[in-house]
Amino acid sequence: MPAPKRFLVRERKNADGSTTFYARFTDQNGKRREPALGRSPVWDAKAAARAVGHIKADVERGSWSPKPRRPADPQELTFADAASNWWGARVEGQKARQTEKAYWPVLDGHLVPFFRTMPVATITKRDVDEFVRTRRLKGLAPSYINSHLQILGQVLELAMDWYDDILPANPARGKLRRVPDKKPRDASRWLGADQVELLLHAAEVLDRSAKREAYGKLGRESLVACLCFVGLRSTELCNLTWADVDLGQRIIRVPGTKTTAAAREVNIVDGLLRRLKAHRKQTPHPHAADPVWPTATGRARDKDNLNRRIIQRVVQKAMELVREDEEESRRTGKKRKLDVVLPPGTTPRDLRRTFCAFATEETKDPFYVQQQMGHTDARFTLRVYNIIRNRAG
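What counts as what
Residues numbered from 1 in each chain as written. Predicted model: local features only at pLDDT ≥ 70, side-chain atom pairs only at ≥ 80, totals over all residues. Heavy atoms only, no water. Phe/Tyr/Trp six-rings, centres within 6.5 Å; stacked < 30°, edge-to-face > 60°. Helix = DSSP H or I, 4+ residues; strand = E, 2+ residues; numbered from the N terminus. Buried < 20%, exposed > 50% of the residue type's maximum accessible area, 1.4 Å probe, protein only. Lys NZ or Arg CZ within 6 Å of the ring centre and 35° of its normal. Salt bridge = Lys/Arg side-chain N within 4 Å of Asp/Glu carboxyl O. Pairing = 2+ DSSP bridges. Lys, Arg positive; Asp, Glu negative; His and termini not counted. Polar contact = N/O pair within 3.5 Å; in protein donor to acceptor, adjacent residues only side chain to side chain. Contact = heavy atoms within 4.5 Å. 1 Å grid on protein atoms, 1.4 Å probe; cavity = no way out; pocket = protein on both sides within 12 Å on 5 of 7 lines; lining within 4 Å. Points joined across faces, edges and corners; volume = space filled by probe spheres on them. Nonpolar A, V, L, I, M, F, W, Y, C, P; charged D, E, K, R; others polar.

1. Quick notes on the packing of aromatic side chains
Then, in step 1: The final tally for this structure, using the stated rule, is nine aromatic pairs.
Then, in step 2: On the numbers, 5.8 Å between centres and 15 degrees between planes, the contact of Phe7 with Phe25 is stacked. Here the residue Phe7 occupies a position in the segment before strand 1 (8-13), and Phe25 occupies one in strand 2 (residues 19-26), the gap between them amounting to 18 residues.
Then, in step 3: Take Phe7: its relative accessible area is 18%, and that puts it in the buried class.
Then, in step 4: Exposure remark for Phe25: the relative accessible area of 2% places this residue in the buried category.
Then, in step 5: Taking 6.4 Å as the distance between ring centres and 65 degrees as the angle between the ring planes, the aromatic pair formed by Trp86 and Trp87 counts as edge-to-face.
Then, in step 6: Three or more aromatic residues joined by ring pairs form one cluster here, namely Phe79, Phe114, Phe115 and Phe131.
Then, in step 7: Over the ring of Tyr22 we find Arg10; its NZ or CZ atom is 4.7 Å from the centre of that ring.
Then, in step 8: Against the face of Tyr215 rests Arg212, its NZ or CZ located 4.5 Å from the ring centre.

Structural data, given as structure tokens:
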């Protein structure tokens, strides 16, 4: 009695960290086969297992045949293949690592599972609207859904470029596809000097009152000062090492993570310089290759950790200090020391805007501020400059 045929999934790790999935089986003619199924992030183990199940059914029917990697008929191009083409041609090794990390879950967790086997030539605006509807039912934010549409549009755009007449128009493009965002970003929101002083005081209190020694050496005060007085992006601050900080020359060399203009040198002002020196003296990670503001275990932070574990806790502490001061004033009749109100939902982006406002008001030179912030386009800096000028007037 012959042994039963086995249908297996084989995985191979690539040098770039991705995984290529293969199907290993014997076809209906008794020939060993090991075709490539696809590559992460477009493919995962579950998708590969499903594909092997389809292959098994074809072999048992005697209808399986190897397919060319590039479809002979462009009308047969599936979205999964188009997404794989786009990732290899437009993203992998060409975008910043942070951009790849942002695109990966959108492609692998949302777009490919929904459109995977759908031929690109059959995707319509109605299909895109149905995708949007399912994302809204999952409770995703409008801005996040719109970022999905942007990537979907890029995948389809490349397919249209490579395969003539595969689509008459890109169904992911157009204002009607986008989800209205009820909470547009307030690009004109930044903190005043008294609000910055409150945050610095709250950060210093957290550092001083930490129950564990490692938590008391996180450098919260210098971190908040860096965001407010230098205006780094969250990811730039997380990636910063002591090798990038020249305290003697009073310069921070920012490698850049977002645009070509992001790689720059920024000046260290007095209020930040003394805090950085004090932080380096007390941190257990003062070496050149160490992150300037690591976690308690010495690892580099990411932007979500920065916001959740540092900024939001500093904001919460600041609000507690304000409430305590208000209660003390009510009880004793003395004048309040912290008569300050923070805007709700303060984020690292607000602190970066604060630097833009302070620097624009101080230098009156929006193009200098543009260089310090790493902006490719001066329009945002000029908008802040005009707002400050109108307020002063």
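What follows continues from the structure just given.
2. Concerning the pattern of salt bridges
Then, in step 1: All chains considered together, the criterion is met by 23 salt bridges.
Then, in step 2: Of the charged contacts in the structure, one is a salt bridge between Arg233 and Glu236, with a shortest N-O distance of 2.8 Å.
Then, in step 3: Residue Arg233 is classed as buried on the basis of its relative accessible area of 12%.
Then, in step 4: Residue Arg253 is joined to Asp246 by a salt bridge in which the shortest nitrogen-to-oxygen separation is 3.7 Å.

3. So, the pairing of strand 2
Then, in step 1: Taken across its eight residues, strand 2 has six buried, putting it largely inside the fold.
Then, in step 2: Relative to strand 2, strand 1 runs antiparallel, the two being bridged by six bridges. Its bridge partner lying in strand 2, Lys13 is registered against Thr19.
Then, in step 3: Across two bridges, the pairing between strand 2 and strand 3 (residues 32-33) is antiparallel. Each bridged residue has a counterpart across the sheet, and for Thr26 the counterpart in strand 3 is Arg32.
Then, in step 4: Linkage of strand 2 to strand 3, two consecutive antiparallel strands, is achieved through a turn of five residues, within which Gly30 is found at a positive phi near 80 degrees.

4. What to know about the side chain of Arg135
Then, in step 1: Tracing the backbone shows Arg135 in helix 4 (residues 125-137).
Then, in step 2: One buried charged side chain, Arg135, makes no salt bridge at all; its nearest oppositely charged neighbour is Glu130, positioned 8.3 Å away.
Then, in step 3: Engagement of the side chain of Arg135 in a polar contact is seen with the side chain of Thr134, the distance being 3.1 Å.
Then, in step 4: Beyond its immediate sequence surroundings of up to four residues, Arg135 is in contact with Gly109, His110, Phe114, Leu140, Ile145 and His148.

5. Digging into empty space enclosed by the protein
Rolled over the atoms, a probe with the dimensions of a water molecule shows which regions are left empty.
Then, in step 1: Within the structure shown, the criterion is met by two cavities of 30 Å³ or more.
Then, in step 2: Ala214, Lys217, Leu218, Thr283, Pro284, His285, Pro294, Thr295 and Ala296 are the residues that line the largest cavity.
Then, in step 3: Partitioned by chemical class, the residues of the lining of the largest cavity number five nonpolar, three polar and one charged.
Then, in step 4: What the second largest cavity holds in volume is close to 30 Å³.
Then, in step 5: For the second largest cavity, the full set of lining residues is Leu77, Ala82, Asn85, Val155, Leu158, Ala159, Trp162 and Tyr163.
Then, in step 6: Counting only elements with at least two residues in the lining of the second largest cavity, the list comes to helix 2 (79-91) and helix 5 (142-162).
Then, in step 7: Residues belonging to the lining of the second largest cavity are distributed by class as follows: seven nonpolar, one polar and no charged.

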